[in-house]
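Breakdown of the fold
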Amino acid sequence: MGLFIPTDKISNLRLYKYSSEDHSLISKYILKRWWNYFVQIFPYSMAPNLITLLGLVWILVDVMLVFYYDPYFNETSPTWIYFFYAFSLFMYQTFDGCDGCHARRTGQSGPLGELFDHSIDAINTTLGSLVFASVFKLGYGKLTMLGQFASVCNFYASTWEEYHTHTLFLSKFSGPVEGILMICCVYIITGVFGPDIWTTKLFDLNLSAIGYDTYEVDLSFTYVVIGLSSLYFNIISTMKNVSKYYMKLNTGNPVRAKKQIDNAYKGLAPFFIYYVVVIFVVWSYPEMLSVHAVPLMLSIGCTIAFSVGRMIIAHLTLQQFPYTQFPMFVPIAQYIIIQVCLRVFGFEYDNVIFGISWAGLGITLAIHGMFVAEIIYEITTYLDIYVLTIKHKKH
């Protein structure tokens, strides 16, 4: 005990109190009613965390279908696949909403549930981006990587916001609600008209005046613009919420408030520094994306999931913000090892890139797996509870 939760901090789990603000009209008037109805299919003897885990199964099935029908994200899949993607994503959202409802009706709400829920969501941000890349036939390229960046950046920023404000904010338009429903609609449209609809030409963008070529803009580009725009506004929103929190906390002391706000903003730096390094490595060795995109993206996903998990643990146990995330050093280590293998030992280029790409995934997956296993053990031991079953029934 003590690697991720110091011995003198674990008692803070007893102080846990869930807090959220949901401003979504769709969630308020439609989805919550649906969740409260659907949750009745789950027996009282079923643990809320099991519902959360079963929700992830829907996305895992999607990913398996992607690897079977379209492993390179550039082929047209059978029509029914796209409808299934929409259905399974909606069911993931439903299970994600029902786990909290079920926890409250069984009296099983607690810090482990929040950690488990956020950890599953963190994994889904990357797995979902793989499915999205397949539907849009993005291939192993920059747009696929950009799609994952937008997804994990949104989640990282939201978790960073929750760490500081101790409240989960969902705006009138949020990723977990409207964002998922929009993607479901996109998948349904793809099932009706086929994925080639997203390559429909809109216009030519002439950039010769600034030294670039003329680019053909299609429908998929508009979705990228919408995604990046929503990412920008989400980051701005999270920063404003954190700023408001510390201003309110330090009413009458603006100097102290500004200092706390500036320190809080530093928590966003590790994410963007990490991605700058990733981009540098991919730029140095393009095959890590163009040939080995899957291990690269899964490695990034494990790294962000680990980082988000650390933030949630710090939030639950009132620890200092975890600026140092060990998996974030993997890309620079990969770069150095590739240099050594090529320049010192003279190994074959393709074999080195293949080995280092998959080794990066193995290392990040192992670190994240170790983190999850230890955290679950520590929390369940201290609170005397089980993970996927109910030990102390309230009903």
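This report concerns the structure included in the present document. (Residues numbered from 1 in each chain as written. Predicted model: local features only at pLDDT ≥ 70, side-chain atom pairs only at ≥ 80, totals over all residues. Heavy atoms only, no water.)

**Regarding the overall build of the protein**
The helix and strand inventory of the protein stands at 13 helices and four strands. Here the C-alpha atoms of the protein give a radius of gyration of 22 Å, agreeing with the 21 Å that 2.2 N^0.38 yields for 395 residues. Reported as C-alpha extents along the three principal axes, the dimensions of the protein are approximately 60 × 50 × 45 Å. The buried share of the protein, reckoned over its 395 residues, is 48%. For the protein, restricting intrachain contacts to residue pairs at least 6 apart in sequence, the fraction spanning at least 24 positions comes to 78%. For the protein, the computed accessible surface area is about 19,500 Å², with 66% contributed by carbon and sulfur atoms. The average position of the 24 basic charges and that of the 26 acidic charges among the side chains of the protein differ by 14 Å. (Helix = DSSP H or I, 4+ residues; strand = E, 2+ residues; numbered from the N terminus. Rg over C-alpha atoms; globule rule 2.2 N^0.38 Å. Buried < 20%, exposed > 50% of the residue type's maximum accessible area, 1.4 Å probe, protein only. Contact = heavy atoms within 4.5 Å. Areas by Shrake-Rupley, 256 points an atom, 1.4 Å probe, with all protein chains shown as cover. Lys, Arg positive; Asp, Glu negative; His and termini not counted. Charge placed at Lys NZ, Arg CZ, Asp CG, Glu CD.)

**Considerations on the packing of aromatic side chains**
Summed over all chains, the structure comprises 36 aromatic pairs. Residues F4 and F306 carry aromatic rings whose centres are separated by 6.0 Å and whose planes lie at 75 degrees to one another, so their mutual orientation is edge-to-face. Placement of F4 in the segment before β1 (20-22) and of F306 in helix α11 (residues 293-317) is noted, with a sequence separation of 302 residues between them. Judged by its relative accessible area of 0%, F306 falls in the buried class. One aromatic cluster is present, built from ring pairs that chain together W34, Y37, F38, F42, W58, F87, F90 and F95. One Lys or Arg, R105, reaches over the ring of Y44 and ends 4.4 Å from the middle of that ring. (Phe/Tyr/Trp six-rings, centres within 6.5 Å; stacked < 30°, edge-to-face > 60°. Lys NZ or Arg CZ within 6 Å of the ring centre and 35° of its normal.)

**Points about the state of the cysteines**
Taken as a whole and judged by the stated rule, the model has zero disulfides. C184 supplies the cysteine sulfur nearest to C185, a cysteine that is in no disulfide, at a spacing of 6.9 Å. (Disulfide = S-S within 2.5 Å.)

**Overview of the side chain of S24**
Take S24: it is sitting in the loop between β1 and α1 (25-38). Using a relative accessible area of 1% as the deciding quantity, one classes S24 as buried. For S24, the side chain forms a polar contact with the main-chain nitrogen of S27, separated by 3.1 Å. Contacts of S24, omitting those with residues within four sequence positions, involve L170, S171, K172, V177 and E178. (Polar contact = N/O pair within 3.5 Å; in protein donor to acceptor, adjacent residues only side chain to side chain.)

**Description of the nonpolar core**
Ranked by size, the top nonpolar core spans 85 residues in total, and within it Y85, Y187 and I379 carry the most contacts. Ranked by residue count, the leading element in this core is α11, at 16 residues. Formed by 12 residues, the second largest nonpolar core is a distinct cluster that contains W35, M46, I51 and M91. (Core = buried A, V, L, I, M, F, W, Y, C linked by side-chain atoms within 4.5 Å.)

**Looking at the packing of helix α3 (residues 79-106) against helix α6 (residues 175-193)**
Two numbers describe how α3 lies on α6: the axes approach to 7 Å, and their chain directions differ by 165 degrees. If you check the angle between α3 and α6, you find them roughly antiparallel. With respect to the hand of their crossing, α3 and α6 are arranged in left-handed fashion. From α3, T79, Y82, F83, Y85, A86, L89, F90, Y92 and Q93 reach across to α6, where they touch P176, V177, I180, L181, I183, C184, Y187, I188, T190, G191 and V192. Class assignment of the residues belonging to the contact of α3 with α6 gives a composition of 16 nonpolar, four polar and no charged. (Axes fitted to C-alpha atoms, helices over the stretch in contact; angles between N-to-C directions. Parallel < 35°, antiparallel > 145°, perpendicular 65-115°, else oblique. Left-handed = near helix turned anticlockwise from the far one by under 90°. Nonpolar A, V, L, I, M, F, W, Y, C, P; charged D, E, K, R; others polar.)

**Comments concerning the side chain of T303**
The residue T303 is located in helix α11 in this model. Residue class for T303 comes out buried when judged on its relative accessible area of 0%.

Coordinates in, geometry out; function isn't part of it.
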